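Summary of the model geometry
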Amino acid sequence: MAETMTNGHSQGFVGTRTIRPDGVDKVTGRARFGADYNLPGQLIGRVLRSPHPHARIVSIDTSKAEALPGVKAVITRDDFGDQSSEFIPAGEMMMNYKDVIRNVMAREKVLYEGHAVAAVAATSAAVARRALKLIDVKYEVLPHVIDVVEAMRPGAPLLHDDLFTVGVEPKPDKPSNVAKRVEITLGDVEAGFTKADVIVEREFKTAPVHQGYIEPHAALATFSEDGSAELWCTTQGHYIVRAHCARLLGMDIGKLRVTATEIGGGFGGKTTIYLEPLALALSRKAKRPVKMVMSREEVFKATGPTSGATIHVKLGATKDGKFVAAFAELKYQAGAFQGSPVQPGVMCAYAPYDIENVKVIGYDVVSNRPKVAAYRAPGAPISEYAVESVVDEIAKKLGLDGIELRMMNAAHEGTKAAYGPKFGPIGLEETLNSIKKTEHWNTPLRKWQGRGVASGFWFNIGGETSVSLTVNEDGTVSLMVGTPDIGGLRASLAMVAADELGVPYDKVRPIIGDTGSLGFNFLTGGSRSAFSGSMAIVEAAKQIKTELCARAGKLWELKPDQVEFSDGHVRALGASADKFKPMSLADFAKVAGKTGGPIAGSGRINAQGAGPSLGTHLVDLEVDPETGRVTILRYTVAQDAGKALHPAYVEGQFQGGAVQGIGWALNEEYIYGADGKLQNAGFLDYRMPVASDVPKIDAIVVEVANPRHPYGVRGVGETPIVPPLGAIANAMENATGIRFTELPMSPPKVLKALKEKAASGKA
Amino acid sequence: MRYEAPDTLSGAVALLAGATGEARVLAGGTDLLVQMRADVVDPDLIVDIKRIPETRTVTEENGGWRIGAAVTGAELKEHARLKQAWPGVVEAANLIGSTQVQGRATLGGNLCNGSPAADSVPALIAAGAVATLAGPKGTRDLPVEDVMLGPRQLALTKGEIVVSFLLPPRPPRSSDAYLRFIPRTEMDIAVVGAGVSLTIDGGGTITAARVSLGAVAARVLLVAEAAQAIVGSRLDEAAQKRLDAAARAACRPIDDKRGTVEFRVDVAGVLARRAAVIALDRARGGAANGGGRSH
Amino acid sequence: MAKHHVEAIVNGDAVEFLCETEETLLDVLRDTLHLTGSKEGCASGDCGACSVTLDGRLVCSCLVLGCEVGGRHIETIEGLARGEALHPLQQHFLEHAALQCGICTPGFLVAAKSLLERHPDPTETEIRYWLAGNLCRCTGYDKIISAVQDAAAAMRKG
């Protein structure tokens, strides 16, 4: 049996590389992900999806499908009550129930190719597929618009006739595709630019990219005649799923019990609902369990990628390198319904730097594409790609290297960010110094090789968290948390519980509880689960320790200040120290019934004090000048974790985010035809990095403790995807002398630019 | 959907010739199953040819090599003497998809899928491979370049299947190479593919050559002008320039999600050159290992 | 059309099952034989999450029909560990934290085992190219490659 790797003693697990408690099941195939769940008598559900990017639904006739033997239920918009407009937080973005119900099942219009129009539940997948073909939908096809700038033009095809731009004065009297305008300001940029000796102004463009989780969405629902239901789904937030589904199905939240299965990747893309309300509605109608799993094509066509965008940046600096004025205008496309991550994009654009005068404007624009969903530091990689590119250009103009210039302007403790807060201690400078000291930074390059550096910022969140900690009858500890584990969380939290209670790591068994087992938990996202979970565990452990001290005090007839909990035991202090043998958790557990009952603690908090995580990435690459192909030669990440609970999983976040960034920078993009249909809805032509595309990613964990967390923890999961786009674009400039302002920097684009440069050189 | 796995050629031919609905041949399944799942094809009959011995063997024949149409890329890679004689053909077959796909994908399937971007086809054409077909009217031979007429369009008549490929005897000092351009390092469909096979004399001059380009036209091209550009030369810079130009001139590509016209034309020239250099080095006895990758 | 009756050997055990022509080996493993360790990521042979070996040959089970495997030997992730002992690859994956969400892990383990059976001393490049058909979105591949390298070294020591 696999040995738990411990350091031998019962304390000090935090910071070590323990084996994760769910690990053996995952390496043996025993762990159950969303599509691995089945119930006896279950039906298979499948979704009928719009073939048009924009059309009015004239009629839906499901009669032939309903008549097909084996079909037990068919649902359409008629099976869901409408929802009034109400904004709710979804991860670090907002969504609106009126939009959610329409995204889950089209009502008046279909707004993207792949938009759900109807769903069936049948006795087999084959029957379900046949049933879909029998549903007759009459569409009135409308002109469509894909690109964000096109969508903003007056006269562009209008998606919603009740969408009036918020945040502009005077309030518009005509609807448009611009949902919102946001702005943050600090100081006076106009004045600031007059003080600049060098100004760089550029426009950039990025394409939508998908989170690319390997596991498609899956849900299994079973409805009972008393109106209660159970749902198993692969999700980053089962309490959020519960709330949304209860709302859409018109049921009490307490009547829906949601279990989060093991999840095969999310990166923000599983913080919303797609199949879940459909499976529930089908089950309610069919009176049998219904299982639904998306195909890969459905994942690409009907679940949120992140925005494509156009970004305009203008940055001014003195000849000594001090940034004096920073402006940016971001246009992010939200897909079919409002809610792109333009707000966090605006917030983060210049956040790594201490600049007196900042103005960033953002537009949230709808277009006929799937509704965007959160993708790892939503919005930030896009705006920071543009800013980091321009920072690099300023460095070059001033004859400074990328680290020097960033160091001169680095945000630090006390810096007022343009989006509002004053930073506590943060680690950008430390990451810059770490990079500077690497052998990587000091290795010479050859022709057609280039080196690029970029920094990045993400604010991180805390949020509502409930955990329970129980001491079992034999002194082992059960830990139940409510945030799905997307990458090793249980190991980190078990270590914290073990250290707090002074028990061996393998005596703590962590599980992810369902919604019926714990108080509310916000979802796993915002880099919050280790940060908030560990904070809540500290609370829960405190309760247990206080309780046990009280029980010992009673047993030993001592006052509270005469006992203390240390190193896994309650001990008598001072004069009484030798009179009483210290009691372990197991000792208390044996007499629990007689000394007050079950021993447990709960942590129920709204975690505050999340500290930003900053990082700096360094990349070397080589360009094949005859084909435009780019090879990543070397990559180093330095990022501030505050305190790495489990160093290996922290490193893993750095490495995974970096490689997603490499894909985004070089090859990933949604490719649409003129017909508004997605041309690359599969892993063949949606080109994510494979193992042979990347080298080892060196990970340097910097620790500048977050003073507002008991262990100093900062969330780390999102920042890693922020710097790669800029770092790689900067390396490309270093290798080719060409500033690429459009992502991805795929070979046809690169070769074309190289040829144009060569031609203009000859002229 | 009917599935049959005959163990004779005549059995397979009879099934296919007599099929009333949509019938498909199953070799490795790496294209057919994907198309079935995507609802692109819904066959009434699947004829699995892997039990037919003639499709599964690799044998020497009159100094050449006969490769069964249903031999997998992985099996070809493990055939040391075939690999030595035709490294380009073997490396091309082993670029299709992934290790997993190469465990099933076959030369016959790759050709009959009818994609001008098929990786193994330029290498087979450059090699001068001849396909042996079996049909209701008997067997016949067809040069590989005449089998694929256009996207999804084959010269096969109803009931005909590709049984095997014959690679001609190799004069001494001959070798081949296949290169493809893909944006990643693996897993992509070729944006451009170039196969070059050549023979040199004792002095290092190219005496014979064949050049084939894939993914740059509606079918895989055999580019006579490109071969002419280098025959009689030692592949000096001038010859390489001529080769590059001839390859570019032969292209009639399209703009699609994998590449633009301009890009394909440029890269066709580059790859033809690079493949020729590798083939030449191998013919000289060098251990040039292009591995099929453009870098 | 009546279903096919197939007898095969899965992880050393004789099994028999019924399947439709269009059901893939992956469908059969997961839905009929209840071996859910092999995963469906794409159903088109592009992600490797369904990797198994068929008569010792590494393949995507989504690209094999259930009715093709009569009389054949299939090895899945469930057959990697022998009894209570984990395979060195499984052990090293755990120790290296070579998995984050774990959905790609079964495919990688089956593929890596196949690699080391044929090439017990692969270079990093050889490992990466062999495993190029296994997509991972969480780890960036770094710790997976390290785990395979270390497991290979441990297995060479015997």
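Residues numbered from 1 in each chain as written. Chains lettered and ligands numbered in written order. Predicted model: local features only at pLDDT ≥ 70, side-chain atom pairs only at ≥ 80, totals over all residues.

1. Focus: the overall build of chain C
Across its full length, chain C carries five helices and five strands. In terms of overall size, chain C behaves like a compact globule, its C-alpha atoms giving a radius of gyration of 16 Å where 158 residues would be expected to give roughly 15 Å. Overall, chain C is about 50 × 30 × 25 Å in size when its C-alpha atoms are taken along their principal axes. Looking at chain C residue by residue over its 158 residues, the buried ones come to 66%. A sequence separation of at least 24 residues applies to 58% of the contacts in chain C between residues at least 6 apart. (Helix = DSSP H or I, 4+ residues; strand = E, 2+ residues; numbered from the N terminus. Rg over C-alpha atoms; globule rule 2.2 N^0.38 Å. Buried ≥ 20, exposed ≤ 12 C-beta atoms within 10 Å, placed from the backbone. Contact = placed C-beta atoms within 7 Å.)

2. Focus on the overall build of chain A
The secondary structure content of chain A amounts to 19 helices and 28 strands. Taking 27 Å as the expected radius of gyration for a compact globule of 763 residues, we find that chain A reaches 27 Å, a close match to that expectation. With the C-alpha coordinates aligned to their principal axes, the bounding extent of chain A is approximately 95 × 75 × 55 Å. Across the 763 residues that make up chain A, the buried fraction comes to 61%. Considering only contacts within chain A whose residues lie at least 6 apart along the sequence, 80% involve residues at least 24 apart.

3. Some thoughts on the interface of chain C and chain A
Of the residues lining the interface, 45 residues belong to chain C; the matching set on chain A comes to 46 residues. When residues of the side of chain C that touches chain A are assigned to their parent elements, the largest contribution, five residues, is made by helix α2 (residues 88-95) of chain C. Looking at side-chain class alone, the side of chain C that touches chain A contains 23 nonpolar, twelve polar and ten charged residues. (Nonpolar A, V, L, I, M, F, W, Y, C, P; charged D, E, K, R; others polar.)

4. A short note on the nonpolar core
Core analysis: the biggest nonpolar cluster contains 419 residues, and A:Val120, A:Ala497, A:Ile728, B:Val196, B:Ala272 and B:Ala275 have the highest contact counts within it. Broken down by element, the residue count for this core peaks at twelve residues, all from helix α11 (residues 261-283) of chain B. Those residues in contact with A:Val120 that lie beyond four places of it in its chain are A:Gly45, A:Arg46, A:Ala65, A:Val71, A:Ala73, A:Val74, A:Ala128, A:Ala131 and A:Leu132. (Core = buried A, V, L, I, M, F, W, Y, C linked by C-beta atoms within 7 Å.)

5. Here's the deal with the domain arrangement of chain A
How big an interface is tends to be stated in terms of the accessible area lost upon association of its parts. Residues and elements named next belong to chain A. For chain A, the assigned domains are domain 1 (35-143 + 217-302), domain 2 (435-460 + 611-763) and domain 3 (463-607). Computed from C-alpha coordinates alone, the two centres of domain 1 and domain 3 are separated by 40 Å. The interface of domain 1 with domain 3 comprises 17 residues on the first partner and 14 residues on the second. Contributing elements (two or more residues each) for the side of domain 1 that touches domain 3: α7 (238-249) and β13 (256-260). Its residues placed into classes, the side of domain 1 that touches domain 3 shows five nonpolar, nine polar and three charged. (Domains from an automatic or database assignment.)

6. Some remarks on the interface of chain A and chain B
If you look at the interface, chain A gives 20 residues, while chain B gives 19 residues. The biggest single contributor to the side of chain A that touches chain B is helix α19 (residues 747-762) of chain A, with four residues. In terms of residue class, the side of chain A that touches chain B is made up of six nonpolar, seven polar and seven charged.

7. Considerations on α11(B)
Turn by turn, an α-helix covers 3.6 residues, leaving residues three or four places apart pointing in a common direction. Residue and element names in this part refer to chain B. Helix length check: α11 (23 residues) gives 32 Å between terminal C-alpha atoms against 33 Å at 1.5 Å per residue, within 8%. Buried residues dominate α11, accounting for 18 of its 23 residues. Looking one or two residues past α11, Gly 285 carries a phi angle of roughly 100°, positive in sign. (Expected span 1.5 Å × (residues − 1).)

8. Details of the sheet that holds strand β11 (residues 218-223) of chain A
All names here are of chain A. On the basis of which strands lie adjacent, the open sheet formed by seven strands has the order β3-β7-β1-β14-β11-β12-β13 and mixed pairing. In this open sheet, the two edge strands, each paired with only one partner strand, are β3 (71-75) and β13. Taking the axes of each pair of neighbouring strands and ignoring which way they run, one obtains an average angle of 20° across the sheet. The sheet contact formed by β3 and strand β7 (residues 116-122) spans four bridges and is antiparallel. Residue pairing in the sheet places Val 71 in a bridge with Ala 122 of β7. (Pairing = 2+ DSSP bridges. Axes fitted to C-alpha atoms, helices over the stretch in contact; angles between N-to-C directions.)

9. As for the confidence of the model for chain C
Regions with low pLDDT should not have their predicted coordinates read in detail. Per-residue confidence for chain C gives a mean pLDDT of 97, with 99% of residues at or over 70. Both scores are available for the predicted complex, with the pTM at 0.97 and the ipTM at 0.98. (pLDDT = per-residue confidence, 0-100.)

10. Focus: unusual backbone geometry
Note the cis peptide between A:Glu169 and A:Pro170, where omega equals -5°. When you line up the elements, A:Pro170 lands in the loop between α5 (148-152) and β9 (178-186). Backbone torsion omega between A:Leu743 and A:Pro744 reads -5°, so that peptide bond is classified as cis. Locating A:Pro744 in the fold gives a position in the loop between α18 (723-736) and α19. In the Ramachandran plot, B:Asp39 falls in the positive-phi region, its phi being about 65° despite a non-glycine side chain.

11. As for the environment of A:Leu132
Residues and elements named next belong to chain A. Take Leu 132: it is sitting in helix α4 (residues 125-133). Along the chain, Leu 132 and Ala 119 lie 13 residues apart, while their C-alpha atoms are 7.6 Å from each other. When neighbours within four sequence positions are excluded, Leu 132 is seen to be in contact with Arg 46, Leu 48 and Val 120.

12. Points about the pairing of strand β25 (residues 599-607) of chain A
All names here are of chain A. Here β25 shows a clear split, with Ile 599, Gly 601, Gly 603, Ile 605 and Ala 607 buried on one side and none of Ala 600, Ser 602, Arg 604 and Asn 606 buried on the other. Examined bridge by bridge, strand β19 (residues 463-471) and β25 share nine bridges and lie antiparallel to one another. Bridge pairing links Val 467 to Gly 603 in β25.

13. Considering the packing of α7(A) against helix α8 (residues 276-286) of chain A
Residues and elements named next belong to chain A. Interaxial distance between α7 and α8 falls to 10 Å at its minimum, and their mutual angle equals 50°. Of the possible angle classes, the one that applies to α7 and α8 is oblique. Considering the relative orientation of α7 and α8, their crossing is right-handed. Contacts between α7 and α8 pair Val 241, Cys 245, Leu 248 and Leu 249 from the former with Glu 276, Pro 277, Leu 280 and Ala 281 from the latter. Counted by class, the contact of α7 with α8 contains seven nonpolar, no polar and one charged residues. (Parallel < 35°, antiparallel > 145°, perpendicular 65-115°, else oblique. Left-handed = near helix turned anticlockwise from the far one by under 90°.)

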